Amino acid sequence: MKRISIDMGSGCTKIYTPGCGVVLMEATCIAVEEYEADGEKAVSVKALGNKARALSGRAAVNTHIVNPVFEGDIVNENLASLLLEYFLEKIEITRKKAKRVEVVFILPCGAKAELKQKYMRIAEDCGLAAVYFTVTPFAAVLGHNVAINESTPMFILDIGQSITNIAALSQDGIIYGLTVNLGGANIDVHLIDELAENYNLKIGALTAERLKNSVGSLLDDDNKMNVVEGREVTTGAPASIAVNSEQIYGVITTYIDKILEYVALVLSKLPAEVASGVMHGGVYLSGGVMKMDGLAEYIGDKLNIPVNLPEEPQLASVIGGGTILSNDRLLDRLATVD
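Here we summarise the structure given alongside this text. (Residues numbered from 1 in each chain as written. Predicted model: local features only at pLDDT ≥ 70, side-chain atom pairs only at ≥ 80, totals over all residues. Heavy atoms only, no water.)

### Let's talk about the overall build of the protein
So, step 1. If you tally the helices and strands in the protein, you get 12 helices and 18 strands.
So, step 2. Over its C-alpha trace the protein gives a radius of gyration of 21 Å, about what one expects of a compact globule, namely 20 Å for 338 residues.
So, step 3. In terms of its C-alpha atoms, the protein occupies a principal-axis envelope of roughly 65 × 55 × 30 Å.
So, step 4. Split by element, the accessible area of the protein, about 15900 Å² in all, is 48% carbon and sulfur.
So, step 5. Between the mean site of the 29 positive side-chain charges and the mean site of the 42 negative ones, the protein shows a separation of 6 Å. (Helix = DSSP H or I, 4+ residues; strand = E, 2+ residues; numbered from the N terminus. Rg over C-alpha atoms; globule rule 2.2 N^0.38 Å. Areas by Shrake-Rupley, 256 points an atom, 1.4 Å probe, with all protein chains shown as cover. Lys, Arg positive; Asp, Glu negative; His and termini not counted. Charge placed at Lys NZ, Arg CZ, Asp CG, Glu CD.)

### Quick word on unusual backbone geometry
So, step 1. One non-glycine residue, Glu-92, lies in the positive phi region at around 65 degrees.
So, step 2. In this structure, Glu-92 sits in the loop between helix H2 (77-90) and helix H3 (95-98).
So, step 3. The exposure class of Glu-92 is exposed, given its relative accessible area of 60%.
So, step 4. With a phi angle near 55 degrees, Asn-200 is a residue other than glycine that sits in the positive phi range.
So, step 5. Relative to the helices and strands, Asn-200 is located in the loop between helix H6 (184-199) and strand S14 (201-202).
So, step 6. Residue class for Asn-200 comes out partly exposed when judged on its relative accessible area of 26%. (Buried < 20%, exposed > 50% of the residue type's maximum accessible area, 1.4 Å probe, protein only.)

### Here we look at helix H9 (residues 272-281)
So, step 1. Within the span of H9, buried status applies to Val-274, Gly-277 and Val-278. Projected onto a plane normal to the axis of H9, the buried residues spread over an arc of 100 degrees and lie on a single side. Structural note: H9 exposes Ala-272, Glu-273 and His-280 on the side pointing more than 90 degrees away from its buried face.
So, step 2. Tucked inside the fold, the buried residues of H9 contact strand S11 (154-159), strand S12 (164-170), strand S13 (173-180) and helix H8 (245-268).
So, step 3. Just past H9, the residue Gly-282 takes up positive phi, approximately 85 degrees. (Arc of directions from axis to C-beta. Contact = heavy atoms within 4.5 Å.)

That's the geometry; what it means functionally is another story.
If you want it as structure tokens, here you go:
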């Protein structure tokens, strides 16, 4: 029986296979084309995954980019099933082979039964043999290649594309945690507004994300710069400007500081013994935003707590899910089937 770990996020889907590592990382989106057939509206799939994302801002008027997963929830089961089947086929898991595949899905902290049922239906549509669930805090900590024990509490901060998971945990479970609808996408949207309002430049979502990833930094006196192309808001004419790290520093910290307010709230709810253990062990960081230069240090300074950053923070959760699958004891303790 083959086992795989799947982290189906709002922005990106990752699949991990024990023994092989991360075998897929693609955009969680589908390009859908609308048309009329026999006088009625109909839709057809034009592209999936990264190919669909590449069409963002460039697609024809009747083509829409759809994200079947939004803020940690599956908002379109049919398209989510279609997309997952496409991803599985890309890693050579056909419908016939899927009957011999067990999967662990990584869900947000505090995921409800309704969300699990959606994933169960999607897995059934794809023909997968067995389904387990774990939550991001457990998976992300294990993605740091550390052990979760019963006596030492651990604290995780995972900032994703559209949600952030914050939790204190031990092997017995989540001590206290929550999920907030804030993430890297909020920074992207704010960057679009910032350039339009203050620099008369209209850019798209992909350009905003590239700007955040290439120039975004919370290091003091960072002078990274990139030329951003778009069109003038007032005239619509093509235009470009140079943007540096300092110019977008405030946009980034607006959302990081808000997330850290929630982190402080969770820390304040912890029993004294747990809080002491967390202060000693530090906070474990994960999520794609954590790749930003200086962000880990910024978080540590703001919280006055040590930080632990893995080499590939955007992959921590899916790797941790694979760790759970590789160990029957962890599977029994940290995963559920309903």
